[in-house]
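Residues per chain are reported as follows:
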Amino acid sequence: MIRFIYDSSLGNERIALIDEQSQRLQRWLRQVAACYGFRVGELTYILCSDEKELAVNREFLGHDYYTDVITFDYTTPQCVNGDVFISWEMIKSNAAEIGVSAERELLRILAHGLLHLTGQGDKTPETKAEMTRKEEQALLICDLRFVI
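Criteria and thresholds
- Residues numbered from 1 in each chain as written.
- Predicted model: local features only at pLDDT ≥ 70, side-chain atom pairs only at ≥ 80, totals over all residues.
- Heavy atoms only, no water.
- Phe/Tyr/Trp six-rings, centres within 6.5 Å; stacked < 30°, edge-to-face > 60°.
- Helix = DSSP H or I, 4+ residues; strand = E, 2+ residues; numbered from the N terminus.
- Buried < 20%, exposed > 50% of the residue type's maximum accessible area, 1.4 Å probe, protein only.
- Pairing = 2+ DSSP bridges.
- Axes fitted to C-alpha atoms, helices over the stretch in contact; angles between N-to-C directions.
- Contact = heavy atoms within 4.5 Å.
- Right-handed = clockwise from strand over helix to strand, strands pointing away.
- Expected span 1.5 Å × (residues − 1).
- Core = buried A, V, L, I, M, F, W, Y, C linked by side-chain atoms within 4.5 Å.

Draft legend 1. Representation of the packing of aromatic side chains within the structure. For the structure on display, the rule yields three aromatic pairs. Between the aromatic rings of F4 and Y45, the centroid separation amounts to 5.6 Å while the plane-to-plane angle is 15°, which identifies the pairing as stacked. Of this pair, F4 sits in strand β1 (residues 2-6) while Y45 sits in strand β2 (residues 39-48), and the two are 41 residues apart along the sequence. As far as the burial class goes, F4 and Y45 line up, both buried. Taken together, a centroid distance of 5.9 Å and an interplanar angle of 80° make the contact between F72 and F85 edge-to-face.

Take a look at the structure:
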């Protein structure tokens, strides 16, 4: 089961891509997981504010900085399970900075969190480059092409 949850820190803000294309997003994420030999068990994406993301980063990881995504991995062999916190504010900011739509950047980050759950790291220049390559591959199979 894949769920998309809005944290109360976003107030009444909604994301059309999530609200209108949830089933297609779920199908796409399952496809991405399958590319790496995984099925999806319990996967929850929590969309939140920068401040909530910072609080999670401080409380659970001991990091005192803003980030766009935090992934908590509960994966078992061949079954992706986890919670992925995504700062919608940072997604919008990053998208503007690199000149893409917020929806495209959100898709990339959805894939990024899932890729972490399949074992892909991004701490070294080599693993970061591999993560970027896999994110781009994931976007290529996305059936939501009208937003990317």
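So that's the structure; there's more coming.
Draft legend 2. Just the sheet that holds β1, in detail. Read from one edge of the open sheet, four strands run β1-β2-β4-β3, paired in mixed fashion. Looking at the sheet topology across the chains shown, the edges are occupied by β1 and β3 (69-73). Each strand axis lies, on average, 15° off the axis of its neighbour in the sheet, ignoring direction. Where β3 and strand β4 (residues 79-87) come together, five bridges link them in antiparallel fashion. Within β4, the residue paired with T71 across the bridge is V84. Most of the contacts of helix α2 (residues 50-61) go to β3, to which it runs at about 40°, and overall it touches β2, β3 and β4.

Draft legend 3. Main features of the pairing of β1. Going residue by residue along β1, you find I2, F4 and Y6 tucked away on one face and R3 and I5 left uncovered on the opposite face. Where β1 meets β2, five bridges bridge the pair, whose relative direction is parallel. For I2, the partnering residue across the bridge sits in β2 and is L43. Following the chain from β1 across helix α1 (residues 16-35) to the adjacent parallel β2, one finds a crossover that is left-handed.

Draft legend 4. Expanded view of helix α4 (residues 102-117). Along its 16 residues, α4 runs 23 Å from first to last C-alpha, staying within 8% of the 22 Å computed at 1.5 Å per residue. Counting buried positions over the 16 residues of α4 gives 14, a clear majority of the element.

Draft legend 5. Region of interest: the nonpolar core. By size, the foremost hydrophobic cluster in this structure holds 35 residues, and its most contacted members are W28, Y45, I86, L106 and L110. Apart from the residues lying within four places of it in its own chain, the contact partners of L106 are I15, L17, I18, L47, I86, W88 and I91. Listed in part, the six residues of the second largest apolar core include I46, I70, F72 and F85.

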